[in-house]
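Residue strings, one per chain:
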Amino acid sequence: MTVDLTKKLGGRASRRHLLKGSAAVGAGALVAGRLAGLAAAQDATPAASAATGQLEVFSWWTSPGEAPALQALFDAYSALYPDVEVINAAVAGGAGVNARAVLATRLQGNQPPDSWQVHVGRELIDNYVVPGYCEPITDLYESEGLLEAMPQTLIDQASQDGEQYSVPVGVHRGNGFWYNRQVMEENGITVGETMSIEEFLTAAETLQAAGIVPLSLATKDTFAAAQTFENTLLAVAGPEKYDQLFKGEADWDDADVRTAAETYGKMLAFVNEDHPALTWDQATAMVIEGNAGFNSMGDWAYGEVVARDAVENTGWVSHPGTNGSFVLVVDSFTLPVGAPNPENARNWLRVLGSREAQEAFNPLKGSIPARTDINREIFSPYHQWSIDSFANDALVPSCAHGQASSPAFQQAFYDALLGFVDDQDVDTLVLNLQDAAALDAEMAS
Ligand code: GAL
């Protein structure tokens, strides 16, 4: 049985009826093994085996790395609920820029999917909880033991007024900096455990002189320009001031903000000219394929590395100057008010919260599990590094990925940084950010 979702959504969404044996065979096998325990436990529950109908899941996971990871979650669900038809309503576009617009239209038209992807924090609360689009799932947190299994900081960011509203499935580190080991070696560049901005600029000179793009950038996905700036701001201002700025507690006309913008300008001298034509995964692919030295990207880039079988040749450090900080980008899923298949949606969320699903999904996605009771041995050296960073470093939310600020400020931040990539005018950037913060404060009062 298939459903023509493309028609239902006016041609905007892709439709895939998900079956095992597709591109994600490896992921499927992995999930099947890890889920054996969970399935055995839950097959005993009559509701689980009896479930039928559909489950429509809305996300923006369509890239070569994202799609198999999403498939691993579907496989986890289907292993327990084989008679439910899973509909993948993913809308392409990094950081959900396109998906959020499509979702807004659907929600306004009372046509919610059964669950949608959302970042915890302001994106979840401002866009969906406050307007009344989400059901609280506090009972599910309790029945599944999620309050004990997840760190308080994630629980808090998925909560409003004492109720939980989404289940975090993975924690991305937004301040990743990826490099091609062979390119570095061939050019005599040694990358240590950390990298300062100065070290990066020196390495970039060397690569440029050798005719290699030093830093790959993609601005077709509007988030990337903003993300690279927020990471550079974190490097210059440090986690405390970074946090204050996005909370509206510090003025954007600040010496550190200006230095960060100037530094970003210096970095932009080393990017590929075709960045407006590239999506984020294409910029990451430039590093994987040896056409660029470095790529500044959250660790969904590691999902691309896994999908393209490039683990051995890909190195990582924190975005220059941000060692000691972890930029939080937490993916979670909701239970909509008026979900067409609420029981299937609740079971989906139960699966997402399980250790088994999180252990199957995150190795492919590049994120670390939201649960802390996982078996870290099954994770790659990169993941182990990120797990340690999450445990020990300063945690700050990402604005480029909706967690740190209001949706309106996030949009203004995108626009201001896209403008800056073009004109590199520090005064204009500072003014735009000040204006956006002032508007935000006015709206909040
Ligand atoms: C982020 C999301 C990640 C990844 C990335 C690129 O916002 O949290 O899971 O998908 O966008 O699309």
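What counts and how
Residues numbered from 1 in each chain as written. Predicted model: local features only at pLDDT ≥ 70, side-chain atom pairs only at ≥ 80, totals over all residues. Heavy atoms only, no water. Helix = DSSP H or I, 4+ residues; strand = E, 2+ residues; numbered from the N terminus. Buried < 20%, exposed > 50% of the residue type's maximum accessible area, 1.4 Å probe, protein only. Pairing = 2+ DSSP bridges. Axes fitted to C-alpha atoms, helices over the stretch in contact; angles between N-to-C directions. Near = heavy atom within 4 Å. Polar contact = N/O pair within 3.5 Å; in protein donor to acceptor, adjacent residues only side chain to side chain. Areas by Shrake-Rupley, 256 points an atom, 1.4 Å probe, with all protein chains shown as cover. Nonpolar A, V, L, I, M, F, W, Y, C, P; charged D, E, K, R; others polar. Domains from an automatic or database assignment. Salt bridge = Lys/Arg side-chain N within 4 Å of Asp/Glu carboxyl O. Phe/Tyr/Trp six-rings, centres within 6.5 Å; stacked < 30°, edge-to-face > 60°. Core = buried A, V, L, I, M, F, W, Y, C linked by side-chain atoms within 4.5 Å. Contact = heavy atoms within 4.5 Å.

### Remarks on the environment of Ala360
So, point 1. By the element assignment, Ala360 lies in helix H17 (residues 355-365).
So, point 2. Overall, Ala360 belongs to the buried group, its relative accessible area being 0%.
So, point 3. Separated by 288 residues in sequence, Ala360 and Ala72 place their C-alpha atoms 6.3 Å apart.

### A word on the sheet that holds strand S8 (residues 176-180)
So, point 1. Strands sit in the order S9-S10-S8-S11 across an open sheet of four strands; the sheet is mixed. Unpaired on one side and paired on the other, strand S9 (213-216) and strand S11 (314-318) mark the two borders of the sheet. Each neighbouring strand pair of the sheet contributes to a mean axis angle of 20 degrees, computed without reference to strand direction.
So, point 2. The pairing of S9 with strand S10 (residues 292-296) spans three bridges and is classified as parallel. When the sheet's bridge partners are listed, Ser216 is paired in S10 with Asn295.

### Things to note about the site of the ligand
So, point 1. Taken together, 13 residues surround the ligand, and among them Glu66, His119, Asp331, Lys365 and His401 come closest.
So, point 2. Take Trp60: an N or O atom from its side chain is 3.3 Å from an oxygen atom of the ligand.
So, point 3. Residue Asp331 places a side-chain N or O atom 2.6 Å away from an oxygen atom belonging to the ligand.
So, point 4. The fraction of the free accessible surface of the ligand (300 Å²) that becomes covered by protein chains is 100%.
So, point 5. Its residues placed into classes, the shell around the ligand shows six nonpolar, four polar and three charged.
So, point 6. Summarising the domain contributions, the shell around the ligand has at least three residues from each of domain 1 (5-170 + 330-387) and domain 2 (176-327 + 392-444).

### Here we look at the pattern of salt bridges
So, point 1. What the rule picks out here adds up to 15 salt bridges.
So, point 2. Note that Glu359 is salt-bridged to Arg355, the shortest N-O span being 3.2 Å. Of this pair, Glu359 and Arg355 both sit in helix H17, separated by four residues, roughly a single helical turn.
So, point 3. Bridged by salt links that share partners, the residues Lys241, Asp254 and Asp256 form one connected network.

### Some remarks on the packing of aromatic side chains
So, point 1. Applying the stated criterion across every chain yields a total of 30 aromatic pairs.
So, point 2. Each ring, one from Trp61 and one from Phe333, has its centre 5.7 Å from the other, and the planes form 70 degrees; the classification is edge-to-face. With a gap of 272 residues between them, Trp61 in the loop between strand S2 (53-58) and helix H4 (66-80) and Phe333 in strand S12 (residues 325-334) connect regions that are remote in the sequence.
So, point 3. With relative accessibility at 0%, the residue Phe333 sits in the buried group.
So, point 4. Note on Trp316 and Trp385: the rings are 6.1 Å apart at their centroids and 70 degrees apart in plane angle, and the pair reads as edge-to-face. Taken together, the residues Trp316 in strand S11 and Trp385 in helix H18 (residues 381-392) connect sequence positions 69 residues apart.
So, point 5. Pairwise contacts between aromatic rings join Phe229, Tyr242, Phe246, Trp252, Tyr264, Phe409, Phe413 and Phe420 into one cluster.

### Brief notes about the nonpolar core
So, point 1. Formed by 68 residues in total, the largest nonpolar core has its most connected members in Phe229, Leu233, Phe294, Phe413 and Leu417.
So, point 2. The element that contributes the greatest number of residues to this core is helix H12 (residues 223-246), accounting for eleven residues.
So, point 3. Ignoring any residue separated from it by four or fewer positions in sequence, one finds Leu233 in contact with Gly238, Tyr242, Leu245, Phe246, Trp252, Asp256, Val257 and Ala260.
So, point 4. Judged by nonpolar contacts, the second largest core, of 62 residues, contains Phe74, Leu103, Leu140 and Ala370.

### With respect to unusual backbone geometry
Glycine aside, the phi torsion of most residues is negative, and most peptide linkages are trans.
So, point 1. A positive phi angle, close to 55 degrees, is found at Asn110, a residue other than glycine.
So, point 2. Here Asn110 lies in the loop between helix H5 (97-108) and strand S4 (115-119).
So, point 3. When its relative accessible area of 67% is taken as the criterion, Asn110 is described as exposed.
So, point 4. Of note, Gln424 is a non-glycine position whose phi angle comes to about 50 degrees, a positive value.

### Some remarks on the side chain of Ser398
So, point 1. Within the secondary structure, Ser398 sits in the loop between strand S14 (394-397) and helix H19 (407-423).
So, point 2. Of the polar contacts made by the side chain of Ser398, one reaches the backbone nitrogen of Ala400; its length is 3.2 Å.

### Description of the environment of Val102
So, point 1. Mapping Val102 onto the fold places it in helix H5.
So, point 2. C-alpha separation for the pair Val102 and Phe58, spaced 44 residues apart in sequence, amounts to 9.9 Å.

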